[in-house]
Amino acid sequence: MVDIETEIFTNVATKLRNKYGAKFTVYGETVLAPSEFPCACIEESDNYAHTQTQDSGSNENHADLVYDVNVYSNKRNGKKAECKEILAVIDEYFTGIGFARITKNPISLDDATKYRLFARYAAVASQDGTIYRR
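The structure reproduced in this document is the subject of the present report. (Residues numbered from 1 in each chain as written. Predicted model: local features only at pLDDT ≥ 70, side-chain atom pairs only at ≥ 80, totals over all residues. Heavy atoms only, no water.)

## Some points on unusual backbone geometry
A cis amide bond, omega -10 degrees, links Phe 37 with the succeeding residue Pro 38. You can see Pro 38 is positioned in the loop between strand S1 (25-27) and strand S2 (39-49). (Helix = DSSP H or I, 4+ residues; strand = E, 2+ residues; numbered from the N terminus.)

Written out as C-alpha cells, the structure is:
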C-alpha cells in the first residue's frame, strides 16, 4: 500500500507553522468543532489501488490518493479572508507536488462566529512516492 500521509501532513504543518507561528494548530483528521483558531485539518480521505498499474500478481504499484482540507477562522472581522490566506499556503504545497485541487467551497456553520473553507486534492502516487496529477 502506498502510504505518504505522514509526509504530506508534516510538510503542510511545517509550512503553516513557519508562516503563522509555531503554535498554529494543524489536525491530522477532520475536527468539526476545533478548540483553537485559526486552524487547519489535513486528512487522507481515500487511498485505493490504481488498478491500471497493478501487475499480474495484483501488486499495487500506484494508489489514487484524496486529501480533504478544512480551514477554520473565528476572527471578528476578516474570517473569510483569513481562511482563504491559509488555504492558499496549503494549495501552493499540494499543487506544487503534483496534486490537483478538485473542489474548494465554504461550508456553512450554524454559528456565524466561525468560517470554514473546505478543499479536496487528488493525485496518483507510486510506491516510491512519485506523484502524478490525475
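## Overview of helix H1 (residues 5-20)
Taking 1.5 Å of rise per residue, 16 residues should cover 22 Å, and H1 covers 22 Å from first to last C-alpha, within 8% of that figure. Ile 8, Val 12, Ala 13 and Leu 16 are the residues of H1 that are buried. For H1, the angular spread of the buried residues around the axis is 120 degrees, confining them to a single face. With respect to the buried face of H1, the exposed residues turned more than 90 degrees away are Thr 6 and Asn 18. (Expected span 1.5 Å × (residues − 1). Buried < 20%, exposed > 50% of the residue type's maximum accessible area, 1.4 Å probe, protein only. Arc of directions from axis to C-beta.)

## Quick word on the packing of aromatic side chains
Considering all chains together, one arrives at six aromatic pairs under this definition. Consider the rings of Tyr 67 and Phe 99, whose centres lie 5.6 Å apart with planes at 80 degrees: the pair is edge-to-face. Taken together, the residues Tyr 67 in strand S3 (residues 62-73) and Phe 99 in the loop between helix H2 (79-96) and strand S4 (100-106) connect sequence positions 32 residues apart. Phe 99 carries the same exposure label as Tyr 67, and that label is buried. Consider the rings of Phe 94 and Phe 99, whose centres lie 5.2 Å apart with planes at 80 degrees: the pair is edge-to-face. Taken as a pair, Phe 94 and Phe 99 share a single burial class, namely buried. (Phe/Tyr/Trp six-rings, centres within 6.5 Å; stacked < 30°, edge-to-face > 60°.)

## With respect to the pattern of salt bridges
What the rule picks out here adds up to two salt bridges. Note that Arg 120 is salt-bridged to Asp 68, the shortest N-O span being 2.6 Å. A residue pair is termed long-range when its members are at least 10 positions apart, and Arg 120 in strand S5 (residues 115-126) and Asp 68 in strand S3 qualify at 52 residues. Residue classification places Asp 68 among the buried residues on the basis of a relative accessible area of 10%. (Salt bridge = Lys/Arg side-chain N within 4 Å of Asp/Glu carboxyl O.)

## As for H2
With 18 residues, H2 should cover 26 Å at 1.5 Å per step; its first-to-last C-alpha distance of 26 Å lies within 8% of that length. Taken together, the buried positions of H2 are Lys 79, Glu 82, Cys 83, Ile 86, Leu 87, Val 89, Ile 90, Asp 91, Tyr 93 and Phe 94. Check the buried side of H2 and you find it contacts H1, S2, S3, S4 and S5. Phi for Gly 98, located one or two positions after H2, is positive at around 115 degrees. (Contact = heavy atoms within 4.5 Å.)

These values are about where atoms sit, not about what they do.
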